[in-house]
Amino acid sequence: MKTLLIAYVATLAAFLAIDFVWLSRMGEVLYRPILGDLLRPDFLPLPALIFYAIFVGGLVFFAVRPSLAVGDWTTAALNGAVLGFVAYATYDLTNQATLRHWSTTLTLIDLAWGTVLSGLAATAGHFATAAAARFG
């Protein structure tokens, strides 16, 4: 249980830090020009926090935990990337099918981002948890 808690906290920290940098840089450059008035004028943190909590739980379950079981960080990277691709594809392609201003360009960029972000966060979670087990 302690290992899973460490994995969760480490993966969450990595995911939040990396995504914060991306959203801080790309929000006004990529998302606002395409989505315009579809974006809320006021950010609601609760739905975002719920997403992060659920998604990172999925990364730990499907990527970090299996990678720790086999002792290979590449399992975390690959499984995390695949989960990120599937989750972001669900979001982006649904939006592209239903929203007037959602572009193919935005779908492709966001899919790539979700894949990379998820693979990186799961890998960081693996390394941090493995290090904590060695030194803890």
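Our subject is the structure listed above.
Residues numbered from 1 in each chain as written. Predicted model: local features only at pLDDT ≥ 70, side-chain atom pairs only at ≥ 80, totals over all residues. Heavy atoms only, no water.

Trainee: Lay out helix α2 (residues 45-70) in plain terms, naming residues and giving numbers.
Mentor: Here α2 contains 26 residues, and its C-alpha end-to-end distance of 36 Å stays within 8% of the 38 Å for a straight helix at 1.5 Å per residue. Residue Val60 marks the point of greatest curvature in α2, where the axis turns by about 40 degrees. Three or more residues of α2 are buried, namely Ala48, Tyr52, Phe55, Val56, Gly58, Leu59, Val60, Ala63, Val64 and Ser67. Buried residues in α2 make contact with α1 (2-35), α3 (73-98) and α4 (104-135). (Helix = DSSP H or I, 4+ residues; strand = E, 2+ residues; numbered from the N terminus. Expected span 1.5 Å × (residues − 1). Bend = angle between axes of the 7 residues up to and from the residue. Buried < 20%, exposed > 50% of the residue type's maximum accessible area, 1.4 Å probe, protein only. Contact = heavy atoms within 4.5 Å.)

Trainee: Give a description of the side chain of Asp19 that names residues and reports values.
Mentor: With respect to the helices, strands and loops of the structure, Asp19 is situated in helix α1. One buried charge, Asp19, has no salt-bridge partner; the nearest side chain with opposite charge is Arg25, at 12 Å. A distance of 2.6 Å separates the side chain of Asp19 from the side chain of Tyr52, its partner in a polar contact. For Asp19, the contacting residues outside a window of four places in its chain are Tyr52, Trp113 and Leu117. (Lys, Arg positive; Asp, Glu negative; His and termini not counted. Salt bridge = Lys/Arg side-chain N within 4 Å of Asp/Glu carboxyl O. Polar contact = N/O pair within 3.5 Å; in protein donor to acceptor, adjacent residues only side chain to side chain.)

Trainee: Could you give me a rundown of the pattern of salt bridges, with the residues and numbers involved?
Mentor: Pairing is possible between side chains of opposite charge, provided their charged atoms come close. In total, this model carries two salt bridges according to the counting rule given. Notably, a salt bridge pairs Glu28 with Arg32, separated by 3.1 Å at the nearest N-O pair. Of this pair, Glu28 and Arg32 are both found in helix α1, four residues apart, which corresponds to roughly one turn of the helix. By relative accessible area, which is 54% here, Glu28 ends up exposed. Close ionic contact of Arg40 with Asp42 constitutes a salt bridge, the shortest N to O distance being 3.3 Å. Residue classification places Arg40 among the partly exposed positions, given a relative accessible area of 47%.

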